[in-house]
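# A closer look at the structure
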Amino acid sequence: MGLKTNTMSSTLAVADNIRVLAASMVEKASSGHPGGPMGGADFVSVLYSEYLNYDPDDMTWAGRDRFYLDAGHMSAMLYGVQCILGNYSIEDVKNFRQWGSVTPGHPELDVKRGIENTSGPLGLGHAFGVGASIAERFMHARFGDVAAHKSYIYISDGGVQEEISQGVGRIAGLLGLGNVIMFYDANDIQLSSVVSDVMNEDTAMKYESWGWHVITIDGNDHDEIRRALDESLAMTDKPSLIIGKTVMGKSVRKEDGSLYEGEVELHGKPLSKSAASYEATMKGLGVDSADPFHITDEVSSYITTVLDQKREAAKKKKETYSSWKASNAALAAKYERFLSGEVQNIDWKSIPQKYNTATRNASAQVLSYLADHCENMIVSSADLCNSDKTEAFLKKTTIFQKGDFSGAFLQAGVSELTMAALMIGMSLHGGVIPVCATFFAFSDYMKPAIRVAALMETPLIFLWTHDAFRVGEDGPTHQPIEQEAQLRLLEKLKNHSGHNSFLAMRPADSDETTQCWKMAFENRNTPSGLILSRQNINDIASESGNRFDTAEGAHKGAYIVKSTDGNPDVVLIANGSEVSTLMDGAALLAEDGIHAQVVSVPSEGLFRSQDADYQDKILPAGIKRFGLTAGLSTNMESLVGHNGSVWGLNHFGYSAPYTVLDEKFGFTGENVKAQVKALLA
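Residues numbered from 1 in each chain as written. Predicted model: local features only at pLDDT ≥ 70, side-chain atom pairs only at ≥ 80, totals over all residues. Heavy atoms only, no water.

## Here we look at the layout of surface pockets
Considering only enclosed or pocket space, the largest pocket measures out at about 630 Å³ in volume. Listed by contribution, the elements that provide at least two residues to the lining of the largest pocket are helix H12 (329–340) and helix H15 (416–429). Looking at which element gives the most residues to the lining of the largest pocket, the answer is H12, with four residues. Considering only residue class, the lining of the largest pocket consists of ten nonpolar, ten polar and eight charged. (1 Å grid on protein atoms, 1.4 Å probe; cavity = no way out; pocket = protein on both sides within 12 Å on 5 of 7 lines; lining within 4 Å. Points joined across faces, edges and corners; volume = space filled by probe spheres on them. Helix = DSSP H or I, 4+ residues; strand = E, 2+ residues; numbered from the N terminus. Nonpolar A, V, L, I, M, F, W, Y, C, P; charged D, E, K, R; others polar.)

Encoded structure:
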């Protein structure tokens, strides 16, 4: 049962106050979505007043329940309820959608103000919520009830229609996530049409077939909302879906005072730009339209009582934790270390590597080691663990199953977008280090989730194997050509903290793979990705005699793997397996008296973040440069500059053994020699 306070009239007053604030935010901004927030206000009024557990004075408290909004266009509803709770000021909501405001058009991660996730691309938000719920079950399996809480999710018709809902619904049902309660705001209205124009499915039956507990209610009836929440809280071995039949634009009126509800145009227009009347709507809600930005006395008095009850409940739960901690000091220390995000001290140099092997195999060596030395890592694969080599981790743990989260591996099935979003949700929850893997060509399925993770500055690790046309016989569908260029764009895109929004690394050999893994593991500020080969790669000879130590140069994004006595005649630049090819070419050039400096650039974005002196040392001015890339030439063009040339692959691949493709496409030491000699000539 949730916390109960006063009568239904109090939560109705809160709901009406949310409706006023939401419609007024959109009206003042002359932009936004008023109808959905006005229809959904009843559910969030009851949820935040009576059910959701949080500490009003400590919104980041680890023991809180979470609320994940999928329908980001309904931001005005979330800002409205958070304003009533005191997490936003009236000035904040007045500045909705304005420059420098904390109330952007779609919510952006801001846990201190009660915003658990960035949302906007429909479907992602509810996947984040389910991913967080998996992380909660992982933590609960290790620390017991002190780590337990609920995840409430709010989804709309569009989120249910997005294909990602298929994967999320399947996995949540399969795992029996009884800590998930999802409200489906089924108002039958979309942005440009009515829902019946685009679907006629039986949504309840669909979710029931996945193993969900489903209840359908009048989503604007507070007693029915309470009944559904109580029933869902009692359902501990299944996720719950509450289908709330709500009214789009509830309480909206026309100029003559008659109701104007359930209309398509109310979804995405300020009321004054539709056939409705903003003034008449405010009057019907008992508010002066000339001065609508207020929290009413009735609501203020009621919420004061609510917040006092929330504080008291949180205090009791914190006292329970303190008692547990006193009796379980070592376990509590581990729990707090997990939640802190503290980077664990790993002896990376002690990880045994096999040499002249594929970098996916080198990654497997790292995963095998981390399975024994990192207790809060969760790994997932999109039905490819035997090919992307995450099975090296799986062999030392077990998969998540309904009722058993003692293991640390999520078998996501063939669902790259769902998997990526779930892992992002795990990171948002905190306490775990998520890692997910698939073939690099299929990273295209993941890009929408990766982009939002980059925007949220969410730390997690992507592993992409089969990194180039050298997938060979699998043919062009499996041969990534343009994918690396897409990630390099994210490296160039700055996040709101002013840093590169993504760390993408394509290591050149086994030891560089370990170093890149170290960089990803220790990067707590952005998502990271490792791009790994399927085929074996000859290891780079170390001029110092210790390849692991020289590969530490990867931490600056680019470094010299072969130097020359004095100034080089040419600088050869690549990443991944092409570095080895450049080494072959450099040896052939030396036979003709041409001295080449070879540079490995696992991360251009990181390299460009170094100071000018370091960049000039690696890429000295006035010396011609040659770049080699198994992807689009654009991967190397900015590094090579106008005074050099790039040998890339600017067309789709073909099906053939990779050694044949290397010859046909010119990825050989002999062609490197020929191209460099032509460049120098």
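## Focus on the sheet that holds strand E14 (residues 596–600)
To summarise the sheet geometry, strands pair through backbone hydrogen bonds and adopt either a parallel or an antiparallel arrangement. Sheet architecture is open: five strands sit in the order E12-E14-E13-E15-E16, paired in mixed fashion. Single-partner strands in this sheet number two, and they are strand E12 (559–562) and strand E16 (645–647). The average angle at which neighbouring strand axes cross in this sheet is 30 degrees, direction not considered. (Pairing = 2+ DSSP bridges. Axes fitted to C-alpha atoms, helices over the stretch in contact; angles between N-to-C directions.)

## A few points about the nonpolar core
Side chains of nonpolar character tend, in soluble globular proteins, to be buried together. Judged by nonpolar contacts, the single largest core of 147 residues is most densely connected at Ile134, Met377, Trp517 and Leu572. Counting residues per element, this core draws most heavily on helix H5 (residues 124–143), at ten residues. When neighbours within four sequence positions are excluded, leucine 572 is seen to be in contact with Leu582, Ala586, Leu589, Ala596, Gln597, Val598, Val599, Phe626, Val672 and Val676. Within the second largest apolar cluster, 52 residues are counted, among which are Met25, Leu69, Met74 and Leu85. (Core = buried A, V, L, I, M, F, W, Y, C linked by side-chain atoms within 4.5 Å. Buried < 20%, exposed > 50% of the residue type's maximum accessible area, 1.4 Å probe, protein only. Contact = heavy atoms within 4.5 Å.)

## Let's talk about the packing of H5 against H12
Look at H5 against H12: their axes get within 11 Å of each other, and the N-to-C directions meet at 165 degrees. Classified by the interaxial angle, the pair formed by H5 and H12 is roughly antiparallel. The handedness of the crossing between H5 and H12 comes out as right-handed. Contact residues: H5 offers Met139, Arg142 and Phe143, while H12 offers Leu331, Lys334, Tyr335, Phe338 and Leu339. Each residue belonging to the contact of H5 with H12 can be placed in one class, and the counts come to six nonpolar, no polar and two charged. (Parallel < 35°, antiparallel > 145°, perpendicular 65-115°, else oblique. Left-handed = near helix turned anticlockwise from the far one by under 90°.)

## Things to note about the side chain of serine 600
Relative to the helices and strands, serine 600 is located in strand E14. A distance of 3.1 Å separates a polar atom in the side chain of serine 600 from a polar atom in the side chain of glutamate 512. If we ignore the near neighbours within four places in the chain, the residues touching serine 600 are Ala508, Glu512, Gly557, Ala558, Tyr559, Val561, Ala574 and Val579. (Polar contact = N/O pair within 3.5 Å; in protein donor to acceptor, adjacent residues only side chain to side chain.)

## Some words on the sheet that holds strand E2 (residues 151–156)
If you walk across this open sheet you meet the five strands as E1-E2-E3-E5-E4, and the pairing is parallel. Of all strands in the sheet, those with a lone pairing partner are strand E1 (66–69) and strand E4 (213–218), marking the two edges. Strand after strand, the sheet turns through a mean of 20 degrees between neighbouring axes, direction not considered. Bridge analysis of E1 against E2 gives four bridges, and the strand direction is parallel. Residue pairing for E2: leucine 69 is matched across the bridge by tyrosine 154. Together, E1, E2 and strand E3 (180–185) form the strand contacts of H5, whose direction differs from that of E2 by roughly 160 degrees.

## Quick look at the packing of aromatic side chains
Tallied over the entire structure, the rule returns 28 aromatic pairs. A ring pair is formed by phenylalanine 43 and tyrosine 154, whose centres lie 6.1 Å apart and whose planes are at 55 degrees; its orientation type is tilted. Taken together, the residues phenylalanine 43 in helix H2 (residues 35–51) and tyrosine 154 in strand E2 connect sequence positions 111 residues apart. We classify tyrosine 154 as buried; its relative accessible area is 0%. Residues phenylalanine 469 and phenylalanine 667 carry aromatic rings whose centres are separated by 5.1 Å and whose planes lie at 55 degrees to one another, so their mutual orientation is tilted. In this pair, phenylalanine 469 is assigned in the loop between strand E9 (461–465) and helix H17 (483–492) and phenylalanine 667 in the loop between helix H24 (658–665) and helix H25 (669–680), connecting sequence segments 198 residues apart. Across this residue pair, the class does not change: phenylalanine 469 and phenylalanine 667 are buried. One aromatic cluster in this structure is built from Phe43, Tyr48, Tyr54, Phe67, Tyr154 and Phe183. (Phe/Tyr/Trp six-rings, centres within 6.5 Å; stacked < 30°, edge-to-face > 60°.)

## Brief notes about the confidence of the model for the protein
Mean pLDDT over the protein works out to 97, with 99% of the residues at or above the 70 mark. A low-confidence stretch, residues 1–6 stays under pLDDT 50, and its non-local contacts, those more than four residues away or across chains, total 22 contacts. (pLDDT = per-residue confidence, 0-100.)

## Concerning the packing of helix H13 (residues 359–373) against helix H18 (residues 510–522)
Look at H13 against H18: their axes get within 9 Å of each other, and the N-to-C directions meet at 50 degrees. It follows that H13 is oblique to H18 by the angle criterion. Crossing hand, H13 versus H18: right-handed. Residues Thr359, Ala362, Ser363, Val366, Leu367 and Leu370 of H13 form the contact with H18, whose own contacting residues are Ser510, Thr513, Thr514, Trp517 and Phe521. Considering only residue class, the contact of H13 with H18 consists of six nonpolar, five polar and no charged.

## Structural notes on the pattern of salt bridges
Tallied over the full model, the rule gives 33 salt bridges. A salt bridge links lysine 349 to aspartate 549, with the nearest nitrogen and oxygen atoms 3.2 Å apart. With lysine 349 in the loop between H12 and H13 and aspartate 549 in helix H19 (residues 547–550), the pair connects residues that are 200 residues apart, well separated along the chain. Across the salt bridge formed by arginine 506 and aspartate 467, the nearest N and O atoms sit 2.9 Å from each other. Of this pair, arginine 506 sits in the loop between strand E10 (503–505) and H18 while aspartate 467 sits in the loop between E9 and H17, placing them 39 residues apart in sequence. As far as burial versus exposure is concerned, arginine 506 and aspartate 467 are alike and both buried. Here the salt bridges share partners, and the residues they tie into one network are Asp467, Arg470, Arg506, Glu578 and Asp662. (Salt bridge = Lys/Arg side-chain N within 4 Å of Asp/Glu carboxyl O.)

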